[in-house]
Amino acid sequence: MGLNHVMSNNAGDIPQMVNDPSVPLADAMRMMRALPTLWRDCLGPRLDTGPTPIGSRSDRLYFVSYMWFDVWPTFWNAKDIPEWRDAMWQVFCEMLAMPFRAAQESALHGIGHEGVRLGRPKELQAHMDAFIRQVKHDDELKNYAQAAARGMVQ
């Protein structure tokens, strides 16, 4: 519940605080660099229960992980700042490289919603193609990655 409160503005403006003009850009970027660690060291291992249909799990931790970049207003409010676009791209790339399907799903869901705003369509497509090639024995994840690359996720 605490992570939901931090990532969604449905219970306050916590995720928008980093966009406040009083927050130095360097501090905001330090927060962005820490996001992959949250998935690698905390969320990914806890959610690594094996393949289930993408988006189907009902436990709260999975919901927060899966929906993070869908409902997280922080990037949306900073999408026109090059440093934010670069940082968001790096977060997605690191999450896709993790051995945890839930982290990959979250990154794909975020790419599906925010990929066009990253301003690097050729690089995004090349990265998605490489990700799809390395996925073995998980057609659902491959299909989801293809949909995310086209901005076609729910």
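Residues numbered from 1 in each chain as written. Predicted model: local features only at pLDDT ≥ 70, side-chain atom pairs only at ≥ 80, totals over all residues. Heavy atoms only, no water.

K.L.:
Give a detailed account of empty space enclosed by the protein, specifying residues and quantitative values.
P.N.:
Rolling a probe over the atoms, with the probe sized like a water molecule, indicates the empty space that remains. Per the counting criterion, the structure on display carries 1 cavity of 30 Å³ or more. By volume, the largest cavity amounts to about 50 Å³. What lines the largest cavity is simply L47, D48, T49, G50, T52, R57, Y62, R101, A102 and E105. Looking at the lining of the largest cavity element by element, the count peaks at 3 residues for helix α6 (residues 101-114). Here the lining of the largest cavity is built from residues that sort into 3 nonpolar, 3 polar and 4 charged. (1 Å grid on protein atoms, 1.4 Å probe; cavity = no way out; pocket = protein on both sides within 12 Å on 5 of 7 lines; lining within 4 Å. Points joined across faces, edges and corners; volume = space filled by probe spheres on them. Helix = DSSP H or I, 4+ residues; strand = E, 2+ residues; numbered from the N terminus. Nonpolar A, V, L, I, M, F, W, Y, C, P; charged D, E, K, R; others polar.)

K.L.:
Mind laying out unusual backbone geometry, listing which residues take part and the relevant values?
P.N.:
Positive phi, normally seen in glycine, also occurs at H137, with a value near 60 degrees. Looking at the element boundaries, H137 is found in the loop between α7 (121-134) and α8 (139-149).

K.L.:
Help me get a handle on a nonpolar patch on the surface, residues and values and all.
P.N.:
Taken together, the side chains of V6, I14 and M17 define a hydrophobic patch exposed on the protein surface, amounting to about 240 Å² of accessible area. Counting through the fold element by element, M17 comes out in the loop between α1 (2-7) and α2 (25-47). (Patch = residues over 30% accessible without salt bridge, like charges linked within 9 Å, V, L, I, M, F, W, Y side chains within 5 Å. Areas by Shrake-Rupley, 256 points an atom, 1.4 Å probe, with all protein chains shown as cover. Salt bridge = Lys/Arg side-chain N within 4 Å of Asp/Glu carboxyl O.)

K.L.:
Any chance you could break down the environment of K79 for me, citing the residues and the numbers?
P.N.:
Checked against the element boundaries, K79 lands in the loop between α4 (73-78) and α5 (82-96). Judged by relative accessible area, which is 18%, K79 ranks as buried. For the pair K79 and D129, spaced 50 residues apart in sequence, the C-alpha separation works out to 24 Å. (Buried < 20%, exposed > 50% of the residue type's maximum accessible area, 1.4 Å probe, protein only.)

K.L.:
Could you give me a rundown of the packing of aromatic side chains, with the residues and numbers involved?
P.N.:
Enumeration over the complete set of coordinates arrives at 7 aromatic pairs. On the numbers, 5.7 Å between centres and 10 degrees between planes, the contact of Y62 with Y66 is stacked. You can see Y62 and its partner Y66 sitting in helix α3 (residues 60-71), 4 residues apart, about one turn around the helix. For the pair Y62 and Y66, a shared accessibility class is recorded, and that class is buried. In this structure an aromatic cluster arises from ring pairing among W39, W68, F69, W72 and F92. (Phe/Tyr/Trp six-rings, centres within 6.5 Å; stacked < 30°, edge-to-face > 60°.)

K.L.:
Which residues make up the packing of α2 against α3, and what are the values?
P.N.:
Across the interface, α2 lies against α3 with an axial gap of 10 Å and an inter-helix angle of 145 degrees. Handedness of the α2/α3 crossing: left-handed. Two secondary-structure elements touch here, α2 through L35, L38, W39, L43, R46 and L47 and α3 through L61, Y62, S65, W68 and F69. Split by residue class, the contact of α2 with α3 holds 9 nonpolar, 1 polar and 1 charged. (Axes fitted to C-alpha atoms, helices over the stretch in contact; angles between N-to-C directions. Left-handed = near helix turned anticlockwise from the far one by under 90°. Contact = heavy atoms within 4.5 Å.)

K.L.:
Break down the side chain of D138 for me, citing the residues and quoting the values.
P.N.:
For D138, the position within the fold is in the loop between α7 and α8. The class for D138 is buried, based on a relative accessible area of 13%. Of the polar contacts made by the side chain of D138, one reaches the backbone nitrogen of L141; its length is 3.0 Å. (Polar contact = N/O pair within 3.5 Å; in protein donor to acceptor, adjacent residues only side chain to side chain.)

K.L.:
Tell me about the pattern of salt bridges, residues and numbers included.
P.N.:
With the rule as written, the count across this model stands at 10 salt bridges. Notably, a salt bridge pairs D138 with R101, separated by 2.7 Å at the nearest N-O pair. A residue pair is termed long-range when its members are at least 10 positions apart, and D138 in the loop between α7 and α8 and R101 in helix α6 qualify at 37 residues. We note that D138, like R101, is buried. Members of the salt-bridge network, linked through shared partners, are R101, E105, D138 and E140.

Purely geometric numbers; function is a separate question.
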